[in-house]
Every structure is written in C-alpha cells, then in structure tokens.
Amino acid sequence: MRERDIARKPRRQRPHESSAPPVPGLLSVSNHALARLLARQPVAELPKLADTLRHYRAGAPLLKALAPAPAGTDLAAATAWLRSLAEVLRVLGDAADASALTFESTVVTDRDAEYGAAGADVHEKIGAARWGAQALGERMRDHVVSAMNASSVVGHGRADNPALGSLDQAKAFSAQASAFRAAAPTPELKQAAEACQDAALALLQARSVAEARETWRADTVQTNTVDEVKDSRRARNEMDDVFADSGFNDRQQTKKIKVMVKQEDGTFKEVEKEVVDDWCGMFAAANMFRGAALDKDLRMAFAHTDNVNDFFQYTAKVNAGRAPLSVWADGRWWSVREYHASRSALRKWVVGPSAAADIRPGDIALIRHKGVKPKDGIANHIVMVESYDATTGKLVSIEGNVTEGVRPDGDGKAQRTGDELKSSSKSPTSTVVEVRDMKDEQELTPGAGPGGVYQERGRRTVYAIGRPSLVDFEDHEYAEQLVDERFRGLSPAEIRAHAQAKKQVKLARSSMESPANSPYHTRTGG
C-alpha cells in the first residue's frame, strides 16, 4: 500500500503499572540476567501441572524473535508481522497471558524463579505487541478510509486513485488479522486484533468502491430496452455482466409489474407492464464480488431493499434464502449471527439520523426518495457509499439503475458546469454518483437545477446504512434457514449425501459469474 502523509494521532496512553497483570516479584536482579543464568542450567522436567510454563518454554524462542510492530501503512509488512504474532500466540497458548503464569506458579513448587522470568518476559513483550497491533490496525484503517475519501470522484480523476494492493494481498492481511484474533487469549489482545480486523474490512470495502468507480468512469453499463433484452441474438454487454456477477441471472431479464396509467377520460387504470429488472442492488453486489470477493452465496441479499434489510439484521423475512441464516464453520453449523459474534465481526445496521456518526466508503445505504416508506418495500433504492466528509456531512454515493445524476467527464471525475456539479439524464438507466447532505433535514430529492446544475439530496432520503462483516468476504458454505439440531454436525457434503438431511436443509449455492471473455473482463483485463 502506498505511503501517504496522514495526521499522527497522539500515542495511546498505557495503563498505570499498578493496573497491569501481576508477575511474581521474586527477582532483585534484572530479568535478562536471570534469563541468561537459567539458560546455563539443565532444563528440568516439568510436572504435569506446569502446562502453561511448558507452553512458554515452547514459545520463548519465537517470542524473543518477534520484532516490534511495523510503522507506517505498508500492507506486506503489516501482514508479515501479524503472521508472526499469531504464530507466537498460537504456540504460547495460555502462557501469552502473564496472569496465567502467575496463577500456575502458586500450585507448582520449586519453579518460582523460572515463572518469574517467564511472566516478566511475557508481560513486557506481549504487552508491547498488543499496543503495537492496536496502533497498526487503527493506523491502517484510518489511512485507507482517508485515502478513499480524499480521492472521491466528485473532484478527482483516475490519477488520484489510492494504491490499495492486490485482492490477494488484501485477503492475506484479512486472514492474518483473523488468525491473530483466534489466537488472542486476553481481552486486551482481542481488542487489538479487532482493530486489525476492522482495518482489513475497510480495505476490502475500499476495493469494492474502487471497482465501482472504474465502472462508473467507463460509463459502459446501461439498461437495454425490453425488446433488446428479449432478443436472443443480442450481443452480450457489461449490463449483462453486472447481472451475472451479482448472482441474479446470466443476463438481463424482464419482469411484469402493475402500474397506474392515466386514461383519456382523466381516470387512472392499473395495467400490467413489462420492464427490465431493477439492478441498483446488483451493481453494489457485483462490485463487492469483483473488488473484494464477497462470498457468492451472499450476493442475492442485495437484489431487493427488503433483502438488504434482512441481511444486515440477520433475518430472512422476504425471499427466504437470499440472506442465508446458517453458516458451516469449525466443524458445525452456526447461525450466521452467532458465528459473526464469535469472531467479533458482526454486521452493522443503523437506521435514521444517528447513521451519520460512522460512515465510510463501501458501506451500503437504503434510500427513500420521498423520505417515507414506499408501498412496495422498506425503501426505494440501494446504493454504495463512495466517500463521506463528516465535517460537511456530504455523503457521495455510487449507484446503478438511475436516470438522473452526475456522470463522468473525460478525465474520470464528475462532470461540472462551471464550478458546480452537472446533472445529466439518460434513459434507459445507467450508473451515476449522487450527493446527499446528512446535515440537511429539509430537502428530499430535487431534480436538476437551472442550467443543469446538480442539486443535493437531503438526509431524510437515507433510511439506513449498513456495514458488512469481514466474514462476508471469506469463502464459506451457507444454508438458507437455521439448521435443525439433528443435522448441525453434518458437513455440507454429508448433507448432500443424506436423504433426510437433504430434504430438511436447503444449502445456498451460487456459482454464477460473468464469463472470462465477457465485455467486463475484456475492459478490465481481468
């Protein structure tokens, strides 16, 4: 990840020594001197009760070799250090908690000196690693979010894109942050690991936004007419690829809806109309899949506003199966919420004005154009947060399936008329960016102003904002509903081979994606 100058936060104040876990106070000489003395002594066999000290002995060489946390925001260096830290914690086990050594020393005799040295060593080095990891995670997260906000397409072109590394690098960093969390034996270490996990999530979200930006800049995604969609001879285009990469359908498809049509006598009559399926949520899902490897089985959760509402609240009230409720992990079926909680990686969902307190690029927002619930869903529209300025309250969203909004100029930034953003319209729908003022409680959804000047939307159009879980970007197998207790120990493969379980447990499997020679892959070289 490219280094950028970011504001340096004051160093986190460490707790007073009196609040730290106690270690045996048996030594009047330096710990290092005692360690050298002990090293010259024969290694005595430990009693069975000394498991924690035994783990310390096994992990001491790794602990000694552990370097301080890297400074800066280099992704490869951060990943390598987290890998080393996770391995140290894995080998040390309970011995990574100095208080565990202290407790064990009270029940094991004739080892006071060794316990004292071990406890002091762990207290010093694991304590330093804890603070280093916490600072690293917070710094990485803040750097990524700041870089994405500072490069918004509202005022910046392709040349200002931040360097986010490859998807493989992002996934490796995520894996090591999660491994650190799994190995952390104390609440303090878990908290530091969670900061690293949040940094990994911010990076994956940023990659999703970067993917959406490039598709918006290319201006190559536009809905076809119903007749064109139904023409079997029509050449594949990038709109078809969005449908495929969202897991919805291999190509665009149509649906029939009821609309009110004004008659010649002035009355209105409900008639059936065929239209192309709405794809605002598909655009968000496709970009999360392409840029950050959103699990294929979760993409359909973004097909409708009601499904998005279910997804972030861990429910399945509408189109059951689009937001799976069970996940296979660690040898058993969990509810998705339960598993995310066990990983300290719950999804986030905030309704109303308080959502403005914590918004970052890659979050998903549900939009109510008129500020109230529509009759046919929880909201009208699904968008991805492109950038957010907490000071001004300006939220820029990047969206699909829209007629009127801001489109790109030749340099890949938002079109302007003079100093003002320019609004333009296209029919059928395509991709745009929109700006919403989270401090404006009056405005709703105005059209273009005089001379095509873009007019910002108001806060009341934002119903809720959600943030996925880091786990959503891992590869897991899911079941549509909660798995019955009788089958919770059966793997997905065993369920497929078990007649009764196969009837009871509906697995969520989606393999659909755009072909390798598709227009999208041709454009991106992917």
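Residues numbered from 1 in each chain as written. Predicted model: local features only at pLDDT ≥ 70, side-chain atom pairs only at ≥ 80, totals over all residues. Heavy atoms only, no water.

Q: Explanation requested: the overall build of the chain in the structure shown.
A: Along the chain, the regular secondary structure elements total 15 helices and 15 strands. Seen through its C-alpha atoms, the chain measures out along the principal axes to roughly 100 × 65 × 45 Å. Buried residues in the chain amount to 51% of all 526 residues. Excluding contacts between residues fewer than 6 apart, the proportion of contacts in the chain whose partners are at least 24 apart in sequence is 70%. Computed over 73 positive and 72 negative side-chain charges, the separation of the two mean positions in the chain equals 1 Å. (Helix = DSSP H or I, 4+ residues; strand = E, 2+ residues; numbered from the N terminus. Buried < 20%, exposed > 50% of the residue type's maximum accessible area, 1.4 Å probe, protein only. Contact = heavy atoms within 4.5 Å. Lys, Arg positive; Asp, Glu negative; His and termini not counted. Charge placed at Lys NZ, Arg CZ, Asp CG, Glu CD.)

Q: How should the nonpolar core be read in this particular structure?
A: Soluble globular proteins tend to pack their nonpolar side chains together in the buried interior. Tyr56, Phe180, Phe302 and Ile364 are the most contacted members of the largest nonpolar core, which has 108 residues in total. Of all the elements, helix H7 (residues 187-218) adds the most residues to this core, at 14 residues. Once residues lying within four places of it in the same chain are set aside, the contact partners of Ile364 are Ala284, Met288, Phe302, Val308, Phe312, Ile382, Val383, Met384, Ala464, Ile465 and Gly466. Grouped together as the second largest cluster of nonpolar side chains are 13 residues, Ala356, Ile359, Val385 and Met438 included. (Core = buried A, V, L, I, M, F, W, Y, C linked by side-chain atoms within 4.5 Å.)

Q: Any chance you could explain the pattern of salt bridges here in plain terms?
A: Opposite charge on two side chains permits them to pair, given that their charged atoms come into close proximity. A full pass over the atoms with the stated rule returns 37 salt bridges. Note that Asp484 and Arg486 form a salt bridge whose closest N and O atoms lie 3.0 Å from each other. You can call Asp484 partly exposed: its relative accessible area is 35%. Taken together, the shared-partner salt bridges in this structure form one network comprising Arg141, Asp142, Asp198 and Arg360. (Salt bridge = Lys/Arg side-chain N within 4 Å of Asp/Glu carboxyl O.)

Q: In this structure, what is going on with the packing of helix H6 (residues 167-183) against H7? I would like to understand it.
A: Running from N to C, H6 and H7 point in directions that differ by 160°, and their axes come no closer than 8 Å. Of the possible angle classes, the one that applies to H6 and H7 is roughly antiparallel. Between H6 and H7 lies a crossing of left-handed hand. Contacts from Leu167, Ala170, Lys171, Phe173, Ser174, Ala177, Ser178, Phe180 and Arg181 in H6 reach Leu189, Lys190, Ala192, Ala193, Glu194, Cys196, Gln197, Ala199, Ala200, Leu203, Leu204 and Arg207 in H7. (Axes fitted to C-alpha atoms, helices over the stretch in contact; angles between N-to-C directions. Parallel < 35°, antiparallel > 145°, perpendicular 65-115°, else oblique. Left-handed = near helix turned anticlockwise from the far one by under 90°.)

Q: In this structure, what is going on with the packing of aromatic side chains? I would like to understand it.
A: For any pair of aromatic rings, the description rests on two quantities: the centre-to-centre distance and the angle between the ring planes. Tallied over the entire structure, the rule returns eight aromatic pairs. Where Trp279 meets Phe283, the ring centres are 6.3 Å apart and the plane angle is 80°; that geometry is what we call edge-to-face. The same class applies to Trp279 and to Phe283, which are both buried. The interplanar angle of 80° and the centroid separation of 6.4 Å between the aromatic rings of Phe302 and Phe312 together place this pair among those described as edge-to-face. Here Phe302 is found in the loop between helix H10 (280-292) and helix H11 (305-313), whereas its partner Phe312 is found in helix H11, with 10 residues between them in sequence. An identical accessibility class is assigned to Phe302 and Phe312; each is buried. Three or more aromatic residues joined by ring pairs make a cluster, and in this case those are Phe302, Phe311, Phe312 and Trp349. One Lys or Arg, Arg347, reaches over the ring of Phe311 and ends 3.6 Å from the middle of that ring. (Phe/Tyr/Trp six-rings, centres within 6.5 Å; stacked < 30°, edge-to-face > 60°. Lys NZ or Arg CZ within 6 Å of the ring centre and 35° of its normal.)

Q: Is there a simple way to think about the environment of Leu82 in this case?
A: Note that Leu82 resides in helix H3 (residues 75-92). Counting along the chain gives 343 residues from Leu82 to Ser425, while the straight-line C-alpha distance between them is 48 Å. Each residue touching Leu82, except ones within four places of it in the same chain, is listed here: Phe173, Gln176, Ala177, Phe180 and Cys196.

Q: Help me understand the layout of surface pockets, please; the structure alone is not making it clear to me.
A: One number sums up the size of the largest pocket: a volume of about 1,300 Å³. Broken down by secondary-structure element, the contributors of at least two residues to the lining of the largest pocket are strand S1 (254-262), strand S2 (268-276), H10, strand S7 (381-389), strand S8 (394-405) and strand S11 (424-437). Classifying every residue of the lining of the largest pocket gives 13 nonpolar, 16 polar and 15 charged. (1 Å grid on protein atoms, 1.4 Å probe; cavity = no way out; pocket = protein on both sides within 12 Å on 5 of 7 lines; lining within 4 Å. Points joined across faces, edges and corners; volume = space filled by probe spheres on them. Nonpolar A, V, L, I, M, F, W, Y, C, P; charged D, E, K, R; others polar.)

Q: I would appreciate a short explanation of the pairing of strand S4 (residues 332-335) in the present structure.
A: Walk down a regular strand and you will see the side chains alternate between the two sheet faces. One ladder, built from four bridges, connects strand S3 (residues 326-329) with S4; its direction is antiparallel. In the strand pairing of S4, Ser326 is matched with Ser335. Between the end of S3 and the start of S4, which pair antiparallel, lie two residues, with Asp330 showing a positive phi angle near 55°. (Pairing = 2+ DSSP bridges.)

Q: I'm lost on the sheet that holds strand S5 (residues 348-351) in this one. Help?
A: The strands that make up a sheet are held in pairs by hydrogen bonds between backbone atoms, and each pair lies either parallel or antiparallel. If you walk across this open sheet you meet the seven strands as S5-S13-S6-S7-S8-S11-S12, and the pairing is mixed. The open sheet terminates on both sides in strands that have one partner only, identified here as S5 and strand S12 (457-458). The pairing of S11 with S12 spans two bridges and is parallel. Bridging from a neighbouring strand, Asp437 pairs with Gly458 of S12. The strands touched by H7 within the sheet are S7, S8, S11 and strand S13 (462-467), with S7 carrying the most contacts at an inclination of about 110°.

Q: I keep staring at the environment of Arg457 and nothing clicks. Help me out?
A: Its location among the elements puts Arg457 in strand S12. Taking relative accessible area as the criterion, Arg457 reaches 4% and is therefore assigned buried. Among the polar contacts listed, one links the side chain of Arg457 to the backbone oxygen of Pro446, at a separation of 3.2 Å. (Polar contact = N/O pair within 3.5 Å; in protein donor to acceptor, adjacent residues only side chain to side chain.)

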